[in-house]
Every structure is written in C-alpha cells, then in structure tokens.
Amino acid sequence: MTSLSGSAPGQPRQQEDEHLPHGITETAAELAHNWFVGSIDQGTTSSRFLIFDGAGNPVAMRQLELENLYPRSGWHEQDPLTILRSVEECIEGCVREWEEENGGDRRRIRAVGLTNQRETTVVWDRETGEPLGNAVVWPDTRTSGLVRELRSREGAGELTEICGLPLSTYPSSVKLLWLLQNDERVKKAYDEGRLAFGTVDSWLIYRLNGGAGAEKVVHVTDGTNASRTMFMDLRTLQYDDRLLKFFGIDREKIALPRIVPSSDAEAFGKIASGVLAGVPITGCLGDQSSALVGQCGFKPGQAKNTYGTGCFLLYNVGEEPVISKNGLLATVAYDFGKGRKPVYALEGSIAVAGSGVNFLVNNLGFSDDPSRISELAESVEDSGGLVFVTAFSGLFAPYWIDDAQGTLFGMTQYTTKAHIARATLEATCFQTRAILKAMEEDSGHKLERIAVDGGLSNSDVCMQAQADIAQIPVDRPAMRETTALGAAVAAGLAVGVWNELEELDDVNKIGRRMFTPKMPEKKAEGLFEKWNRAVEMSRGWVREGDEKN
Ligand code: ADP
C-alpha cells in the first residue's frame, strides 16, 4: 500500500515536550501534522497491522492468514501462540516496509490500537504466561449439550436482562466452563489458582506487554469485549457475581481481566519488544464495535453490517442498553472514557458469511479464490430455487437454533455450482433481512440504509443481492479497513491525535458506492418467505446421541 498525501489531522489538545519520542525535534504543532496511529486487527481468518495517518487514511498494511483448526465436527480452534506470532510478524513487516519503501518513521507512531475477534476464549498459566491449550474460537459448537443443561438451571431466565446475551454456544462463559469440565490441565490450573482467562484482546495485550515476566503485568479487557463473555453487567461494566455464580466460576481461583475503557492512555500498557518497543497501546475494541466506530456510527440510529467470517449488524442505541425481545443481542458499542458515557448497540450476529465462501473454496473445491465464488454467483440470474441454510454452527440471530446444521433445499438436476455459490451468498442476505426486521421491532425505527464493510462486502453481487433481498440501500466505503480504523480512532482519542468525535466527520467519506434495491418488493418478500420455510425445516437435525451412530 502506498502513502497517501493531503492528510489534515486534528490538533492535539495538549502536546507537551515530554511526550515527544526520542530524536524528534519538531515543535509540538509541526509534529501534530505528522502523527500516525498503528492498528492491530486480529480477525478469525487473518491478522493485520495497519498504520493510519491523522486523517484516518491507511498508509501501510501487512496481513497474514491464520490457521484455523477443526479437530472434530463442530470444534473450531486456534493456537494462541500462532495468533500472537502472526500479530508480531505483521507489526514488524508493516513498519519495516513503511520505513524502507515509503519514508515512514516508526517514532511518529504515537500509539497503537487493537481490535479482535470476539468471544474466542484463551486460557493460560499466570505463572508461566504460556497457554493451556488451543483457543476455542467463537463459532465452536462443542458446548451445545452443556448449553441445553444450563438452560434448565435455576436463574437461566434472568441472565439476558443482566448481560444482554441469550444462553447459546456463542459467549466465552460456556467455552470456559466446557474447558473447566473437560480439560484436565485447565481444571488443575484452576484448582491451584494459576488459571488466567481472557478473550483475544486480553491475551495479546498481556503478551505484547511481556507476559508473566513483564515489569508490570497487564491483564485487561475493554467493555466491548467483556460484554461478550456473559460475565459482565451491561450497565455497570463490571463483573457480576450473579453471572459468575450461575456459571460456577470462583473468582479466587481464576484471574479475570480487569475491565477498562476502550480508549485509555495508561491501562493497556506498552509494547515490550520489537520495532515498536515502548509505543503505548491506548485503544481496544471488539471487532464489530470497532467497525461501528470506523464507520463513524456515533449517533443513535446509525448502523453498520460487517461481512467477515460471520456477519454482524450493530445498531447504535445511545447511552442506555436496549434488551431485545426479538432475538438480538444487547452489547457495548464503545466506551471512550474521559467522562463520556458508554454507548450501547443492538446486535444481530450471523455465524456464517465469508466462512460459507471459504467452505466452497476449501472443502468443496469450487475454486481456489473467494473472489471467483462471487464471479460464479454472478454468472447466473438467481439461485435457481436453491436455498442454502448455512447453519454450520447452528443459526444465530434472530433465530438461535442450535440443533440445525448446514442444509441445501431445492436441489434438482438443474442445479449447478453457480446456483450453490449464489445461494451461499444469499444466505447471509436473508439473515440480514431477518435481523433488520427484528431491529425495527425492538427499536420502533426503520433503518434508511446500512453501511457495510468486511471481506465479503468486496463482492458486488453479494451487496446487490443484499439491497434486493432486504429492500434497503447498501452503502459501501472505498476504504473497507473500517475495523482497523475503529481501533486506531480509539487509540488516537486517548493520546490527543483526535480529541472529539466530531473531528472524524470527514473520515472515509470519499468514493463510497451505494447499491439500491432493483428487485420488486413482492418478489423479495416471496424469497424471504421461502428462506424462513427452509430455516424451519432445518430445525431439529442434531439430536442427542447422534454422535454414537
Ligand atoms: P475476518 O475479519 O472475520 O477474518 P474479513 O473481513 O477479513 O474476515 O473477511 C474475510 C472473508 O471475506 C473470507 O471468508 C473471504 O472468503 C471473504 N472474501 C474476501 N473477498 C471476497 C470476495 N471478493 N468475494 C467473496 N468473498 C470474499
């Protein structure tokens, strides 16, 4: 990626000399025009490091694919050390290339922000700092039996009101509980008081600060990530004893990360080694919150939909959480500290989006490139009557069906790979329509458009299908690294690269493309009705005891 010119960064409120990195001699005002912010974007399929200038333009990027492990049907794991190494390599490679090829200067990187896949659960030994096994990744469904059991426990009905999430295989709490019940190493560490728990943000921040051997051990998380664990009270942004008790977690035996604001000059510590040694980490947001921030969705009523591995629609509801009556999640959108109140969102989570495309590439060998799946889908006018309920991890919002699995309906001798490719893309679009309907019912407000981003939003045919199926304009920015931008914004706000959200009004506005609905409403309604029929028919496929057959 080449350098972009014409940046017009915000003025720091206060820039004292002691803040200037060693060797930089400009006056504070001159320097303000040359600040950059780094952003670690640790996603499900890849890790990235980007450098943004003060106008929110990316000037450099390095990305590395991440290995996903599927050791058994329904299991989804990653190696925490591989995650860490991929992040470190991205930072090193990106900064060096920026310096060597684009005249960058690492001393001008004022701070680093971090955004991450959410819910993915990491456990490590607090004495050694080493992981106690693989991370359990967010779509993993090994906990489905445990969830059925938890639903019948006393108090199960009150959890959502406190934490905003329904009981499902999705949050970290059930993943941790499963590890405690099934993994001897984890159980032993817990009994001996050595167990540390974290989502990927906590793990990375801990290790980037130097881990167990650091002068100051940093074990923290922010409210957006903590709100995905099911351990946090959505209103106080603190761990809640009722929730911990429900899951049988004894705080004396386990180190939980301290919950801090998403933007903070001190709480996340500093990078301990490598090219950015000494640079503070000052922003942390779960990936979907970060995309909302990167899309500048700061006003109540604004929404974004990110088509990554899964697909997540976040709708800003303002300073009070809204507990959904229609299968959506209540979550923390961002908490920028400095006396600002936390902002909440209603969220519609879809487990499979880009991962459906990857499934066609990796498992079925349709092509060797995701963008070819789009071309294949575009080669036919419609799905030829095919509906693909891509319930590889059951169905998330608004359905929450955990006994469904991926099911193709309507195959005939006419069906081709192209129809399957199209039905795969459409599955995410139908679920988005269902989520929009639920959001309208919860909020009493109809969205006028959705801002989109994420890998799958590169697909024009998918975005047009989205506009048609949901009968809503789809607004796609030219710069689609919005998730990384959000973390840079959180980091930059903490150290005065930006001071007020209004300074970001012009960020990422150039070159947006609008996809408008071209399909008649009646036809879209008919297709959606058929989709819902398919969803109902996919229910109940997984039965207890099946694994023995
Ligand atoms: P995450 O942050 O969850 O790792 P990304 O936002 O990086 O996800 O998106 C990656 C996903 O986007 C992959 O599943 C990939 O298959 C899909 N993808 C990327 N480009 C395209 C494209 N042109 N057409 C279809 N799918 C795409």
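Residues numbered from 1 in each chain as written. Predicted model: local features only at pLDDT ≥ 70, side-chain atom pairs only at ≥ 80, totals over all residues. Heavy atoms only, no water.

In the nomenclature of an unreviewed UniProt entry, the chain corresponds to glycerol kinase from the organism Coniochaeta hoffmannii. We quote the UniProt Sequence similarities (unreviewed entry) comment for the chain here in full: "Belongs to the FGGY kinase family." The Pathway (unreviewed entry) field of the UniProt record for the chain holds the comment "Polyol metabolism; glycerol degradation via glycerol kinase pathway; sn-glycerol 3-phosphate from glycerol: step 1/1." (UniProt positions renumbered as here; feature names shortened; annotations may be inferred.)

> Please clarify how helix α7 (residues 200-208) should be interpreted in this entry.
Residues separated by three or four positions in an α-helix point in the same direction, a consequence of the helix having 3.6 residues per turn. When you tally the buried positions in α7, you get eight out of nine residues, the bulk of the element. Residues Val200, Asp201, Ser202, Trp203, Leu204, Ile205, Tyr206 and Leu208 constitute the buried set of α7. Phi for Gly210, located one or two positions after α7, is positive at around 115 degrees. (Buried < 20%, exposed > 50% of the residue type's maximum accessible area, 1.4 Å probe, protein only. Helix = DSSP H or I, 4+ residues; strand = E, 2+ residues; numbered from the N terminus.)

> Can you help me understand the sheet that holds strand β14 (residues 281-286) in this one?
Hydrogen bonds between backbone atoms are what pair the strands of a sheet, whose relative direction is either parallel or antiparallel. Taken together, the five strands give an open sheet; going across it, the order is β3-β2-β1-β5-β14, and neighbouring strands pair in mixed fashion. The sheet terminates laterally at β3 (58-65) and β14, the two strands that pair on one side only. The average angle at which neighbouring strand axes cross in this sheet is 15 degrees, direction not considered. Across seven bridges, strand β1 (residues 36-42) lies against strand β5 (residues 109-116) in parallel orientation. Bridge assignment links Phe36 to a residue of β5, and that residue is Ile109. Where helix α10 (residues 287-294) meets the sheet, its contacts fall on β5 and β14, and the angle it forms with β14 comes to roughly 105 degrees. Sitting on the sheet, helix α15 (residues 482-494) touches β1, β2 (46-53), β5 and β14, and the angle it makes with β14 is about 140 degrees. (Pairing = 2+ DSSP bridges. Axes fitted to C-alpha atoms, helices over the stretch in contact; angles between N-to-C directions. Contact = heavy atoms within 4.5 Å.)

> Sorry, what's going on with the packing of aromatic side chains here?
Each aromatic ring pair is specified by the distance between its two centres and by the angle formed by the two planes. Under the definition given, this model contains 18 aromatic pairs. Judged by centre distance (5.3 Å) and plane angle (50 degrees), the rings of Trp124 and Trp203 are tilted. With Trp124 in strand β6 (residues 121-125) and Trp203 in helix α7, this residue pair connects regions lying 79 residues apart in the sequence. The same class applies to Trp124 and to Trp203, which are both buried. Geometrically, the ring pair formed by Phe359 and Phe392 is tilted, given 4.7 Å between the ring centres and 45 degrees between the ring planes. Here Phe359, found in helix α11 (residues 354-363), pairs with Phe392, found in the loop between β19 (387-389) and β20 (407-409); they are 33 residues apart in sequence, far enough to count as distant. A residue is classified by how much of its surface remains accessible, and Phe359, at 22% relative accessible area, is partly exposed. Here the aromatic cluster, defined as three or more aromatic residues joined through ring pairs, consists of Trp138, Tyr170, Phe312, Phe396 and Trp400. Between the NZ or CZ atom of Arg72 and the centre of the ring of Trp75, over which it lies, the distance is 4.4 Å. The residue whose ring lies beneath Arg142 is Trp178, and the NZ or CZ to ring-centre distance is 4.8 Å. (Phe/Tyr/Trp six-rings, centres within 6.5 Å; stacked < 30°, edge-to-face > 60°. Lys NZ or Arg CZ within 6 Å of the ring centre and 35° of its normal.)

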